[in-house]
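# Architecture and fold: a report
This is what each chain is made of:
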Amino acid sequence: MALKSTNPTTTNAWSKLQAHFEDIKTEHLRDLFSSNEKRADELTIKWDDFYADFSKNRITKETLNLLVELANEVDLKDAISKYFEGEIINATEGRAVLHTALRAPKKAKVLVGGEDVIPEVHAVKKKIEDFTNAVVNGIHKGYTGKNITDIVNIGIGGSDLGPAMVVDSLQFYKNHLNTHFVSNVDGDHHKEIIKNLNPETTLFVIVSKTFTTQETLSNANSIRAWFLESQPEEAVSNHFVAVSTNVDSVKAFGIAEENIFPMKDWVGGRFSLWSAVGLSISLALGYQNFESLLEGAYKMDEHFKTADFNANIPVTSALLTVWYNNFFKVESEAVIPYTQYLNQFATYLQQGIMESNGKSVDRSGNKVDYQTGTIIWGEPGTNSQHAFFQLIHQGTKLIPADFIGFIESLYGNKDHHDKLMSNYFAQTEALMNGKTETEVLQELNSQNLSQEEIDVLLPFKIFDGNKPTTSLLIKKLSPESLGKLIAMYEHKIFVQGIIWNIYSYDQFGVELGKQLAKSILKELQNDAISSHHDASTQNLVDFYKKNC
Ligand code: F6P
């Protein structure tokens, strides 16, 4: 059964939220805290090794109750069942959305078109496990009998960002294999990566759900040609494997059936790292760590499915985005991890969040007249404090931010970790409280300045505060906790899409540019004349051709 279609702005809860917003929009977080000493506890959700403090958001208990009312009015519960049970909720592509089935245990049962998909999920996992063990333990060797030392993942979008982010984030847990990622069709990109590699000891993993993506196929062909400059054709089977739903095209590329790791069309690219797309993760970290990543995600799935909405981390987090996006009219949200390991996390989330919810037509096919997907961005703290925090503190824009921190560091350097985390806590406190005129005056008065100097400086030193943050504290960065964190954002994306009444799992918006690029490429390479460009594009094409 299809997802229901309800314009959220026509619900009773929306009208109540609008009225409630008018009541509390100018309330300062400082005052919300001083008027309720239980606020921090009331607005914190503790689950497993996650501590999620939502209290530094511009909400009250009533805000959350009304947001939950909104979730109930659009029947979020029904949508969650359909999501997990393999209903065709990606209606525009006629597909189920079942990345959750990839981390479900063997005993689970998930039907797609009447067929239980779990046995096949576990069969593919077994294939990943066996291949990983063979490569890591030196049983699967290169053609000349040498052990594999390097893995190159060739893919783009969901076939790159997830595996690249996870391998980088969990590098502490890595084995001896060096892992590289080639994504951009920019020929300099793959050249820089392969230039120091030995073809005799390198394994290439070509990842493309469709096996039609220009970037991936161009890179795969160029790398294969480079490989064949020094190796015979028969060596390809030892050095190239592929992950795809399109087995025929992979075979046509020259990869033997036993070297193909299949995936299903009900796994969306940006949610695919749990599938065979995660082969590079398994190779880099070892299969057991890949399994722990999946187990973590499964635990978050269970939390999401079973916890009441007001004790549910992904639901609360998603409802807060709706609150800021649709009532405060904020345009963007920041994600600030206080660990360098999560350096690529915001980039990864950009595809997940913006490709999913960057939509403007609702589930009834009507243009929406309210805001949907937010812009997501971020960098690790403390580096970002020295880059863009000025704007969050004293700029004109309201930017809600998720702060993600860990209680333990991985190498156990307590001094550095305390410094790192003191910055995390200090920033959320500073963003919330700001600095009042009285506080600034007190500070300036203690600095031996003239009254004139104080008067000049005073307005520039005031921080309004009242900048919302969510503090996520997790015990330790591990494959399991990262699995939970990623799944948390996946479910957040889902909930937002349900409330905004859009389809989150297609991505037609990326097609137009791809089509135009194909025809422009012909013009660049064949001297074909085109008359359909606008004057600006034509000038650019002509200038490029004349000068290259
Ligand atoms: O950017 C569009 C997109 O279709 C993504 O959704 C997908 O992750 C990426 O291209 C790569 O696609 P494929 O895995 O089919 O090569």
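Owing to the predicted nature of the structure, the values given are computational and were not obtained by experimental measurement.

## Some remarks on the overall build of the protein chain
Along the backbone of the protein chain there are 22 helices and 13 strands. For 548 residues, the compact-globule formula gives about 24 Å, and the C-alpha radius of gyration of the protein chain, at 26 Å, lands near that figure. Based on the C-alpha atoms only, the size of the protein chain along its principal axes is roughly 80 × 60 × 60 Å. Taken across its 548 residues, the protein chain has 53% of its residues classed as buried. Here the analysis covers contacts within the protein chain between residues at least 6 apart in sequence; of these, 76% occur between residues at least 24 apart. Per element, the accessible surface of the protein chain, about 24,100 Å² overall, is 50% carbon and sulfur. For the protein chain, the separation between the mean place of its 51 positive charges and that of its 69 negative charges on side chains is 3 Å.

## Examining the environment of Gln-390
If you trace the backbone, Gln-390 turns up in helix α16 (residues 389-394). According to the relative accessible area criterion, Gln-390 is exposed, its value standing at 52%. Note: C-alpha distance between Gln-390 and Gln-447 (57 residues apart in sequence) is 23 Å.

## A closer look at empty space enclosed by the protein
Evaluation of the coordinates by the stated rule reveals four cavities of 30 Å³ or more. Approximately 90 Å³ is the volume attributed to the largest cavity. Residue lining of the largest cavity: Asn-57, Ser-317, Leu-320, Thr-321, Tyr-324, Glu-333, Ala-334, Pro-400, Ala-401, Asp-402, Thr-470 and Lys-492, and that is the complete set. Taken together, the elements giving at least two residues each to the lining of the largest cavity come down to α14 (313-326), β10 (332-337) and β12 (401-406). If one sorts the elements of the lining of the largest cavity by residue count, α14 sits on top with four residues.

## Re the site of the ligand
Neighbouring residues of the ligand: 14 residues in total, closest Ser-159, Ser-208, Thr-210, Thr-213 and Glu-355. Backbone polar atom of Gly-158 to an oxygen atom of the ligand: 2.7 Å apart, as the coordinates give it. Separating an oxygen atom of the ligand from a side-chain N or O atom of Ser-208 is a distance of 2.6 Å. Protein contacts shield 87% of the accessible area of the ligand, which totals 390 Å² for the unbound molecule.

## Re the packing of aromatic side chains
In this structure the tally under the stated criterion is 33 aromatic pairs. Taken together, a centroid distance of 6.4 Å and an interplanar angle of 75 degrees make the contact between Tyr-83 and Phe-304 edge-to-face. On the criterion of sequence distance, the pair formed by Tyr-83 in helix α5 (residues 76-84) and Phe-304 in helix α13 (residues 287-306) is long-range, its members being 221 residues apart. Take Tyr-83: its relative accessible area is 0%, and that puts it in the buried class. Where Phe-403 meets Tyr-424, the ring centres are 5.6 Å apart and the plane angle is 85 degrees; that geometry is what we call edge-to-face. In this pair, Phe-403 is assigned in strand β12 and Tyr-424 in helix α17 (residues 414-433), connecting sequence segments 21 residues apart. When sorted by exposure, Phe-403 lands in the same class as Tyr-424, which is buried. Through successive ring pairs, a cluster of aromatic residues spans Trp-14, Phe-21, Trp-323, Tyr-324, Phe-327, Phe-328 and Tyr-370. Positioned above the aromatic ring of Phe-33, the side-chain terminus of Arg-39 is 5.1 Å from the ring centre. Sitting above the plane of the Trp-274 ring, Arg-103 keeps its charged end 4.5 Å from the centroid.

## Details of the nonpolar core
In terms of nonpolar packing, the biggest core is built from 119 residues, with Val-166, Trp-323, Phe-345, Ile-404, Leu-485 and Phe-494 touching the most fellow members. The element that contributes the greatest number of residues to this core is helix α20 (residues 479-500), accounting for twelve residues. What Trp-323 contacts, discounting residues up to four positions off in sequence, is Leu-17, His-20, Phe-21, Ile-24, Arg-58, Ile-59, Thr-63, Leu-67 and Phe-328.

## Topic: helix α21 (residues 511-526)
For α21, with 16 residues, the first-to-last C-alpha span of 23 Å sits near the 22 Å given by 1.5 Å per residue. Directly beyond the C-terminal end of α21, a positive phi value near 60 degrees is found at Asp-527.

## Describing the domain arrangement of the protein chain
According to the domain assignment, the protein chain consists of domain 1 (8-73 + 307-433 + 467-504), domain 2 (127-291) and domain 3 (509-547). Using only C-alpha atoms to locate each centre, domain 2 and domain 3 end up separated by 32 Å.

## Considerations on unusual backbone geometry
For the bond running from Gly-381 to Thr-382, omega is 10 degrees, close enough to zero to count as cis. One can find Thr-382 in the loop between β11 (375-377) and α16. Residues other than glycine seldom take positive phi values, yet Asn-501 does so here, at roughly 60 degrees. Position of Asn-501 among the secondary structure elements: in the loop between α20 and α21.

## Quick notes on the packing of helix α6 (residues 118-136) against α13
Where α6 meets α13, the closest approach of the two axes is 9 Å, and the angle between their N-to-C directions is 150 degrees. Classified by the angle their axes make, α6 and α13 are roughly antiparallel. Residues Lys-125, Ile-128, Glu-129, Thr-132 and Asn-133 of α6 touch α13, and the partners they reach there are Tyr-287, Phe-290, Glu-291 and Leu-294. Here the contact of α6 with α13 is composed, by residue class, of four nonpolar, two polar and three charged.

## Focus: a negative patch on the surface
Taken together, the side chains of Asp-23, Glu-27, Asp-31 and Glu-62 make up a negatively charged region of the molecular surface. Summarising the element assignment, Glu-27 is placed in the loop between α1 (12-24) and α2 (29-34).

The rules behind the values
- Residues numbered from 1 in each chain as written.
- Predicted model: local features only at pLDDT ≥ 70, side-chain atom pairs only at ≥ 80, totals over all residues.
- Heavy atoms only, no water.
- Helix = DSSP H or I, 4+ residues; strand = E, 2+ residues; numbered from the N terminus.
- Rg over C-alpha atoms; globule rule 2.2 N^0.38 Å.
- Buried < 20%, exposed > 50% of the residue type's maximum accessible area, 1.4 Å probe, protein only.
- Contact = heavy atoms within 4.5 Å.
- Areas by Shrake-Rupley, 256 points an atom, 1.4 Å probe, with all protein chains shown as cover.
- Lys, Arg positive; Asp, Glu negative; His and termini not counted.
- Charge placed at Lys NZ, Arg CZ, Asp CG, Glu CD.
- 1 Å grid on protein atoms, 1.4 Å probe; cavity = no way out; pocket = protein on both sides within 12 Å on 5 of 7 lines; lining within 4 Å.
- Points joined across faces, edges and corners; volume = space filled by probe spheres on them.
- Near = heavy atom within 4 Å.
- Polar contact = N/O pair within 3.5 Å; in protein donor to acceptor, adjacent residues only side chain to side chain.
- Phe/Tyr/Trp six-rings, centres within 6.5 Å; stacked < 30°, edge-to-face > 60°.
- Lys NZ or Arg CZ within 6 Å of the ring centre and 35° of its normal.
- Core = buried A, V, L, I, M, F, W, Y, C linked by side-chain atoms within 4.5 Å.
- Expected span 1.5 Å × (residues − 1).
- Domains from an automatic or database assignment.
- Axes fitted to C-alpha atoms, helices over the stretch in contact; angles between N-to-C directions.
- Parallel < 35°, antiparallel > 145°, perpendicular 65-115°, else oblique.
- Nonpolar A, V, L, I, M, F, W, Y, C, P; charged D, E, K, R; others polar.
- Patch = residues over 30% accessible without salt bridge, like charges linked within 9 Å, V, L, I, M, F, W, Y side chains within 5 Å.
- Salt bridge = Lys/Arg side-chain N within 4 Å of Asp/Glu carboxyl O.

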